[in-house]
Each structure stands twice: as C-alpha cells, then as structure tokens.
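The chain contents come next:
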Amino acid sequence: MNIGAAAARTGLPSKTIRYYEEIGLIRPARGKSGYRDFADADIHKLAFLGRARMLGFSIEDCRTLLGLYEDESRSSSDVKRLARSHLVQIEDKIAALQSMQATLSHLVEACAGDERPDCPILRDLADG
C-alpha cells in the first residue's frame, strides 16, 4: 500500500510517516519504482507509534517502546518503568499547570479591570 493509503489507515499525516521512516522507526519496502510499499506490519507499527505519541511519549521513548514490543523476550518491568517515568513527567506538568492556573486566577481576581492604570497582573509580571 502507498503512503496515502497508509496515512488514511493510521490517521497519521504522510509527512509524519516520512519522518518516522527518516529517523528509522519504520522501514517500509520499496517497489521497483522506488515508491514506499507499506505492509500490514508497517501499518500496525505506525498505529502503535501514533497511539504512543498521543499519550505524549517522546520519539526516543517510542523507539524504546517499539523495540520492547518487538522483543518477545522483553520484561514487562522494562515497559512499566518507562511508562511510570512518563506518568511522573505528566503529573509534574499537571502540577505546574495547576500552579499557573492558581496564580493567574488570583491575579485576575485582584485586577479591578476598570479605567484605572493600576494592574496587579502587570505588576506581578514586572516584579516576577
């Protein structure tokens, strides 16, 4: 199947598929004409990578996960360790976003939002 059909089946843009090939995450066969010929296994890998990226895994984490997926002698503890590390990163980002939300909510509430020039939001950004 060509790259357009692979993109349609996986929901990934052709540009992303080309990038994954460029960095070695997938290696579709090439026909005599030089065009990519995606097999079902390639489609499965692309779907796997798409799902992993949707969960926020980095490209290098995806490379590791794909390697673990393809290694039948893998230990699930390796997969869990990687996923747990990523989960901690997500939790840290959520905590940082909640802190930003609390700070900005406080500043928005403190601002009168009227015609006066005094603004606690600008003051906080300047003093920050």
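Residues numbered from 1 in each chain as written. Predicted model: local features only at pLDDT ≥ 70, side-chain atom pairs only at ≥ 80, totals over all residues. Heavy atoms only, no water.

Draft legend 1. How the structure looks around the packing of helix α3 (residues 40-54) against helix α4 (residues 59-70). It is the contact of α3 with α4, at a shortest axis distance of 10 Å, that shows an interaxial angle of 135 degrees. Taken together, α3 and α4 sit at an angle that is classed as oblique. Along this stretch, α3 crosses α4, giving a crossing that reads as right-handed. When α3 is examined against α4, the residues H44, K45, F48, L49, A52 and R53 are found in contact with a partner set consisting of I59, C62, L65, L66, Y69 and E70. (Axes fitted to C-alpha atoms, helices over the stretch in contact; angles between N-to-C directions. Helix = DSSP H or I, 4+ residues; strand = E, 2+ residues; numbered from the N terminus. Parallel < 35°, antiparallel > 145°, perpendicular 65-115°, else oblique. Left-handed = near helix turned anticlockwise from the far one by under 90°. Contact = heavy atoms within 4.5 Å.)

Draft legend 2. Representation of the domain arrangement of the protein. Partitioning the protein into domains gives domain 1 (1-58) and domain 2 (75-128). Computed over C-alpha atoms only, the centres of domain 1 and domain 2 are separated by 35 Å. (Domains from an automatic or database assignment.)

Draft legend 3. Summary view of a nonpolar patch on the surface. Together, L87, I90 and I94 make up a nonpolar patch on the protein surface, roughly 230 Å² of accessible area in all. With respect to the element layout, L87 can be found in helix α5 (residues 76-110). The partly exposed category is assigned to L87, whose relative accessible area is 43%. (Patch = residues over 30% accessible without salt bridge, like charges linked within 9 Å, V, L, I, M, F, W, Y side chains within 5 Å. Areas by Shrake-Rupley, 256 points an atom, 1.4 Å probe, with all protein chains shown as cover. Salt bridge = Lys/Arg side-chain N within 4 Å of Asp/Glu carboxyl O. Buried < 20%, exposed > 50% of the residue type's maximum accessible area, 1.4 Å probe, protein only.)

Draft legend 4. Inspection of the pattern of salt bridges at higher detail. According to the stated counting rule, one finds 8 salt bridges in the structure shown. The salt bridge involving R81 is made with D78; its shortest N-O contact spans 2.9 Å. With R81 and D78 both in helix α5 and 3 residues apart, this pair spans about one turn of that helix. Among the salt bridges present, the one from R116 reaches D114, with a minimum N-O distance of 2.8 Å.

Draft legend 5. Helix α2 (residues 14-22), seen in detail. Within α2, burial applies to I17, Y20 and E21. All buried residues of α2 project into a common sector of 100 degrees when viewed along the axis, lining one side. Within α2, the exposed residues directed more than 90 degrees away from the buried face are K15 and E22. At its buried positions, α2 is contacted by α1 (3-10), β1 (29-30), β2 (36-37), α3 and α4. With its phi angle positive at about 85 degrees, G24 sits one or two positions after the end of α2. (Arc of directions from axis to C-beta.)

Draft legend 6. Structural view of the packing of aromatic side chains. Counted according to the given criterion, the structure contains 2 aromatic pairs. Judged by centre distance (5.0 Å) and plane angle (40 degrees), the ring pair of F48 and Y69 falls under tilted. Separated by 21 residues along the polypeptide, F48 in helix α3 and Y69 in helix α4 bring together distant segments of the chain. F48 gets classed as partly exposed once you look at its relative accessible area, which sits at 24%. (Phe/Tyr/Trp six-rings, centres within 6.5 Å; stacked < 30°, edge-to-face > 60°.)

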